[in-house]
Protein chains: 2
Amino acid sequence: MDSRRVGILGGGQLGRMLAASASLLNVDVVILDNGDDAPAKQIVASSSHVDGSFSNASKIRELAEKVDILTVEIEHVDVTVLEDIAKTSKVEIHPSPSMIRIIQDKLVQKQHLRSEGLAVADFVEVDSNADSVKAAVKQFGLPLMLKSRTLACDGRGNYVLKGVDDIPEALSALGGKPLYAERFMPFVKEVAVMVVRSVDGETQSYPVVETIHKDNICQLVFAPLRHSNPDVLSRARTLAEDAVRTFTGAGIFGVEMFLLEDDSLLINEIAPRPHNSGHYTIEACYTSQYENHLRAILGLPLGSTAMKVSAAAMLNLLGYSTDMSDITNVAHTALKIPGASVHLYGKRECRKGRKMGHITLVNDHEAVLRANLRHIFSALPDSDSALTNLFTPALPEPGSGKSAAHPLVGIIMGSDSDLPVMLPAARHLDQFEVPYELTIVSAHRTPERMTEYARSATTRGLRVIIAGAGGAAHLPGMVAAMTSLPVIGVPVKGSTLDGVDSLHSIVQMPRGIPVATVAINNSTNAALLAVRILGGSVPHLLSSMDAFLKKQEDEVLTKVAKLEYVGWENYGKSTI
Amino acid sequence: MDSRRVGILGGGQLGRMLAASASLLNVDVVILDNGDDAPAKQIVASSSHVDGSFSNASKIRELAEKVDILTVEIEHVDVTVLEDIAKTSKVEIHPSPSMIRIIQDKLVQKQHLRSEGLAVADFVEVDSNADSVKAAVKQFGLPLMLKSRTLACDGRGNYVLKGVDDIPEALSALGGKPLYAERFMPFVKEVAVMVVRSVDGETQSYPVVETIHKDNICQLVFAPLRHSNPDVLSRARTLAEDAVRTFTGAGIFGVEMFLLEDDSLLINEIAPRPHNSGHYTIEACYTSQYENHLRAILGLPLGSTAMKVSAAAMLNLLGYSTDMSDITNVAHTALKIPGASVHLYGKRECRKGRKMGHITLVNDHEAVLRANLRHIFSALPDSDSALTNLFTPALPEPGSGKSAAHPLVGIIMGSDSDLPVMLPAARHLDQFEVPYELTIVSAHRTPERMTEYARSATTRGLRVIIAGAGGAAHLPGMVAAMTSLPVIGVPVKGSTLDGVDSLHSIVQMPRGIPVATVAINNSTNAALLAVRILGGSVPHLLSSMDAFLKKQEDEVLTKVAKLEYVGWENYGKSTI
C-alpha cells in the first residue's frame, strides 16, 4: 500500500493491534520495546524488532533510522529526542512531539484545554505538602481529586481525598510526584469519543460511548451511548473534535469526558493514541481506530467511522491473580456467545489488574447484547452482582407486565382505558422475544411528556413506536411529528362511531408525516407490523415471521380437515 | 486461549489470514513454506517459521514435531506422510488426510460425491489420448469440459473443448496429466457456500454467495446471493452441508456449485480449507471463516456464521503485469470508499494473474454497495465495461422513470390508472436516494404474478413494499399475506365513496396479517414511512428524515413570518 515503514514506540496490546491493521494494508512496522516477547512483536517478523525501552533516547534514535514515520502506542516516551529527530531528520512523527509533551503533564494538558476555552473541571497546581493540599481543599471543598501530573495511567496516580486527615496517606500513595488538585465532579456517566485527524487536518469522530470504570480502570464500554437527550450525543462529539483540533499532528485520539447531572460535559483527559474505549471499533465499525490511525499518519484517506452493527460492548479482561486460567475461562465462555470476539494479547505473565485481553460483543440490538454480556459477567472470578444487574439487567419474564430496560418497541396509549385493547400487542411481542416498554402518554393531558417521549425515542434505542388512541386520537400523529422513527397507530373503538372516528383521526395525516395505521382495535397487527419492520435490522425476526405465517396457515388447514371429517352440521358440536 | 500449537502447511495468503485470526485468540502457529518471505511468515515471529515445501515429507515431519495440530491452507500436500504422522504420533490432523486424498484427485472427488448421492455433472475418466477423449465427446457432446485430476487450481488444468479438432491442443495444454471429462453444464450462476465442521461433527454453513469467474479464476463474490427463488438459497446450503458431512475431519470447507436454468444445483468442487469465496466473512460475518476454522480444529465452540451487514462484495486483486503499482492504485481508490477494506498479502513480486490481495466492501444495502464497487472497477487496468455494467449497474437518474437493479422498496399498484396517485412516492424516494422499483401487479387480474412478486421479495433484497389499490383494494393485504416484509397500503380514491371503500378494504385486515395503511391518495406518506422503516437498517436515512422534518418546519415558519409581514388581507396577493 505504502512503501514507507512505520516505527511504533511501545509493543504492548495497542501496538499489537496497530501492527495487525498494518499487515492488512501490507505496511511494514518496526516495534521498539524490551525483549522479543512484547505482544506486538509476536505478530511481526523478528527482523522488525528493536530491543530497548521506548523511553531510551538512543533506542528511539535507532528505531528512527529504520523507518520513515514514527508513532506511539503510549505517551510516556522521551519527547526531547523526538523533537530532535523531527528537527534533524526527514522522519515524520505523529502525533506531534509538542502535543505529546502537553498531554504527558496532565496539569499542562488541563491548562491548555482551559486556555482554548474547552470545558474542564476546576483545577489548581499543588505542591507535595499538606499545606498546599489544604489550600486546594479550601478552594474546591471535599472530596477533592488529587492527581499525579505525570506517568499516570489506569488509575495509578489518582487519589480521592475525603478528609484532611487523609492528606499524609494521599501524599504517600502518590509517591512524591508533581501533583495537581481538581474539583470533584459528581458525574452521572463517563463517556468517550475517539477522534481521528489526518495530516491535512481533516477531523472525524467515532460514536459516543459509555465507559464504566472501577478502581479508575476502564472495565466496560458500551457503544453507542444510549441517552434520552439527543443533544448530549452531538455535543460530546463536537467537544472531542474541538479538543483534538487545538493540537498539531495526525493520528487517533481518545477523549474521555464526564457527563454531569445537567447534561453538561467536561473533558477529563485525552490520549494521543488508540485507546481501549475504541477497541470495539475493530468489529463494530466500518474502519477500526487502528486502521484509521495508520491511514491518518500515512496521509491516506480516512475510513468511515460509522458503526456497522446496532450495538457493541467491550469488556476488558483484567488479570485477577497470577493465574492465567481465570482469563481463559472467561474467554471460553465468550466463545459460546454469538457475536463475541475474543482478543488475547499474548502477555506471558498474568498479574492482578493487568490488561490481558478484551472481549467485544456485537449485536442487532442492545437487549440481547446485554443479556449475552450477562453470561460473560457470570464467568468472571470477581463477578459483581450489583454491577451485573445495573449494566446487564435480566430481560423481564414474558407476561410479567414489566418494561424491558433496553426496548426496541415502545407501546404507548392515551389512557389506561386503552390497556385492554393494547395488551395483545405486548403479548405478541413477548412471543417474538422482542423487548418493549409499555406506558401511558397522553397527547392532550401530558403534552410535555409526549414531546419528551418522542424526542428521546431514537437515542434511547427505540426503533418502532406503537401508539393506541381513541376518538380524536391525536397521539400517534403528534408523536410521528416529533420523531424520525416509524409510528404505528392503533385506532381504539370508543362508545360511539364504532372506532371510525379514531381510524380517520389516525390515518388521515397530512403529507409529510406518516402514521402506519392498522385495523380498529387490532393491536395484534400493530405488534406483527413492528416485528416485520424490525426484520430489516434484526434478520432472525424475518425467519420468525415466516414461521408465524406458516403456523397460521397450518391452523386453518387443520380446521379444513376437521370440517371435512366431522361435516359442517356437526362442526360446532365436535370436540375433535 | 489454547496452549496447543497449530502447524500450517503453506504460508500463502490463506495461511496469513489464518495466522491473523490465531493471533487474536493468542494461539501459536508455526508456518511451513519456503523462505522467510511467504505472506503468512511476515506476521508470525521468525522463531515459528519452518523453511521448506509443504509437499516435502521430511519438512512436514519437522513441522509436526513442533506442534499439536496440523492443518493445511492448500490441498496439494504430501498426504502419505500426513497419514503416517496421524498413525504414529499424537498430532491431530484437520481436515483428515483421507479427505485431503479424496479432494486432491478431482475424479475421485466426483466419484465420492456421486456415490454419496450428491448432485454432480456427468463425468467419465479419460486417458491422455485422442481416442479416449473422442469417446467422451460421443458420450457427453460438445462443448466438453476436460479437466486435470490433480494439482489444478485457479483455472490451470481446465480446458473447454469446442471441437474434436482441438483435441491435440487440449491434451498439450493439459500437459499429459491424468484427466477426466465432464458434461458441459450451461449454468446461469456459480454459487458457493462455506461450511464449518467441528471435531464432534457439528456442521454450520455461511450464507450462499454468488461467485464470478473469468478465465476460471474467481474475480468477484457477492454475499448474500440475491435470487427470486427462496428455495435455491436453502437447497444450496443443505447440499453444501450434506457434501461436507460425507467426509471426516474438522475445519472449514468451500463448496462451489453450479446453479442451472431450472434452479437445480450441482456441486462443482470442494476445497478442504479456507477459500476466497469466504474472504468476505472477515468484515461481513460475526465470525470469519478463518477464526471458525481455528475454532473447529481446536475443538472450541463454533462462532456464528451469520452476516452482520446487509451486503458484501469481494474483489480479488489479481496481478496485471509485473508492476505492483497497478495493484496499489486500485487499493488507493478503494480506501476512499466508505466500507471498503483493503487486504494486501505482502507478496514480494507481482505477476499476471497472481492473487496479490483483495478488497471487501460492505454496506447497508446492495445498490450503494454496487455503486461503490463500480468506482473500484473503473480503477482496474483491465476494466471491462460489459462486466461492470452487468454487475454494478449505474443507479437510474432520479426522475428517469426507471427501476433500480437492486431496489430496497417495491412500489406496486393494481392498475396503470393508479400511477398518478403513486408517482409522488417515487419522487420522494428519489429525494432520499432510496433505490426502488415501480410496476403494476394486479391482485385480481394477475394473481400468479402477485404471488411470485410477494414470495420472491425478501430474497431479491426488497425491504419494504408499497402497494396502492382502489375500490375492493385487495393488493396490499394479499401481498402482506405472502411475505414477511412490512407492506404499506395506499388507498386510492375511486369515482364513488371518496376512497373510503379503498381505505377500509386495506386497513381492516384480520388479526395475523398487518398492512401499514396511510391516508387516502397519500403515496407521499407511504414513501416517507418506507424511509422511516429503512432507517432501522440504513442509519443515515434516520438523519435524512430528521433534516426533512426540520425543512418542513422551516417552510411553515417562513410562512408565519410572511403572514406577519404582509398582513393576512394581503397574504394571497403578495409576491414576497
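Per an unreviewed UniProt entry, the recorded name for chain A is Phosphoribosylaminoimidazole carboxylase, and the organism is Schizopora paradoxa. The record held by UniProt for chain A lists under Pathway (unreviewed entry) the comment "Purine metabolism; IMP biosynthesis via de novo pathway; 5-amino-1-(5-phospho-D-ribosyl)imidazole-4-carboxylate from 5-amino-1-(5-phospho-D-ribosyl)imidazole (carboxylase route): step 1/1." Looking at chain A in UniProt, the text filed under Catalytic activity (unreviewed entry) is "5-amino-1-(5-phospho-D-ribosyl)imidazole-4-carboxylate + H(+) = 5-amino-1-(5-phospho-beta-D-ribosyl)imidazole + CO2".

Take the overall build of chain A next. For chain A, the count of helices and strands is 19 helices and 23 strands. For the C-alpha atoms alone, the extent of chain A along its principal axes is close to 100 × 55 × 45 Å. For chain A, with 576 residues in total, the buried portion stands at 60%. Accessible surface for chain A amounts to roughly 22,100 Å². Of this, 51% is attributable to carbon and sulfur atoms. Charge centroids of chain A, computed over 55 positive and 64 negative side chains, lie 1 Å from each other.

What follows is about the sheet that holds strand β7 (residues 144-148) of chain B. All names here are of chain B. Overall, antiparallel pairing links the four strands, which are arranged β6-β9-β7-β8 in an open sheet. The open sheet has two free edges, formed respectively by β6 (123-126) and β8 (158-161), since each of these has just one partner strand. Taking each pair of neighbouring strands and ignoring which way they run, the sheet shows an average axis angle of 25 degrees. Both β7 and strand β9 (residues 179-183) contribute to a ladder of five bridges, which runs antiparallel. The residue of β9 that forms the bridge with L144 is R183. The strands touched by helix α5 (residues 106-115) within the sheet are β6, β7, β8 and β9, with β6 carrying the most contacts at an inclination of about 145 degrees. Running over the sheet, helix α6 (residues 130-140) touches β6, β7, β8 and β9 and is turned about 165 degrees from β6.

Further remarks concern the sheet that holds strand β5 (residues 92-93) of chain A. The five strands are arranged β3-β2-β1-β4-β5 (chain A) in an open sheet whose pairing can be described as parallel. In this open sheet, the two strands that pair with only one neighbour each are β3 (49-51) and β5 of chain A.

Residues and elements named next belong to chain A. Here K147 is to be found in strand β7 (residues 144-148). With relative accessibility at 3%, the residue K147 sits in the buried group. Spatially, the C-alpha atoms of K147 and A311 are 34 Å apart, while their sequence positions differ by 164 residues. Only 3.2 Å separates the side chain of K147 from the side chain of E182, close enough to count as a polar contact. Side chain to side chain, K147 and N268 meet in a polar contact 3.3 Å long.

Take the pattern of salt bridges next. Where side chains of opposite charge bring their charged atoms close, a pairing between them can arise. Considering all chains together, one arrives at 42 salt bridges over all chains under this definition. Residues A:E241 and A:R245 are paired through a salt bridge, measuring 3.2 Å at the closest nitrogen-oxygen approach. You can see A:E241 and its partner A:R245 sitting in helix α8 (residues 230-245), four residues apart, about one turn around the helix. With relative accessibility at 40%, the residue A:R245 sits in the partly exposed group. Where B:R370 meets B:E366, a salt bridge forms, and the shortest distance between an N and an O atom there is 2.8 Å. With B:R370 and B:E366 both in helix α12 (residues 366-378), this residue pair falls four residues apart, about one helical turn. In this pair, the class of B:R370 matches that of B:E366, namely buried. Members of the salt-bridge network, linked through shared partners, are A:D105, A:E125 and A:R149.

Glancing now at the packing of aromatic side chains. Counted by the stated rule, this structure contains eight aromatic pairs over all chains. Just above the ring of B:F222 sits the side chain of B:R370; from NZ or CZ to the centre is 3.7 Å.

The transform that puts chain A on chain B rotates by 180 degrees and translates by 0.0 Å along the axis, for an RMSD of 0.1 Å. Taken together, the turn and the small shift mark the pair as related by a two-fold rotation axis. By residue overlap, the copies meet face to face through one surface: 100% of the interface positions of chain A are interface positions in chain B.

Cut-offs used in this document
Residues numbered from 1 in each chain as written. Chains lettered and ligands numbered in written order. Predicted model: local features only at pLDDT ≥ 70, side-chain atom pairs only at ≥ 80, totals over all residues. Heavy atoms only, no water. UniProt positions renumbered as here; feature names shortened; annotations may be inferred. Helix = DSSP H or I, 4+ residues; strand = E, 2+ residues; numbered from the N terminus. Buried < 20%, exposed > 50% of the residue type's maximum accessible area, 1.4 Å probe, protein only. Areas by Shrake-Rupley, 256 points an atom, 1.4 Å probe, with all protein chains shown as cover. Lys, Arg positive; Asp, Glu negative; His and termini not counted. Charge placed at Lys NZ, Arg CZ, Asp CG, Glu CD. Pairing = 2+ DSSP bridges. Axes fitted to C-alpha atoms, helices over the stretch in contact; angles between N-to-C directions. Contact = heavy atoms within 4.5 Å. Polar contact = N/O pair within 3.5 Å; in protein donor to acceptor, adjacent residues only side chain to side chain. Salt bridge = Lys/Arg side-chain N within 4 Å of Asp/Glu carboxyl O. Phe/Tyr/Trp six-rings, centres within 6.5 Å; stacked < 30°, edge-to-face > 60°. Lys NZ or Arg CZ within 6 Å of the ring centre and 35° of its normal. Least-squares fit on C-alpha atoms with pLDDT ≥ 70 in both.

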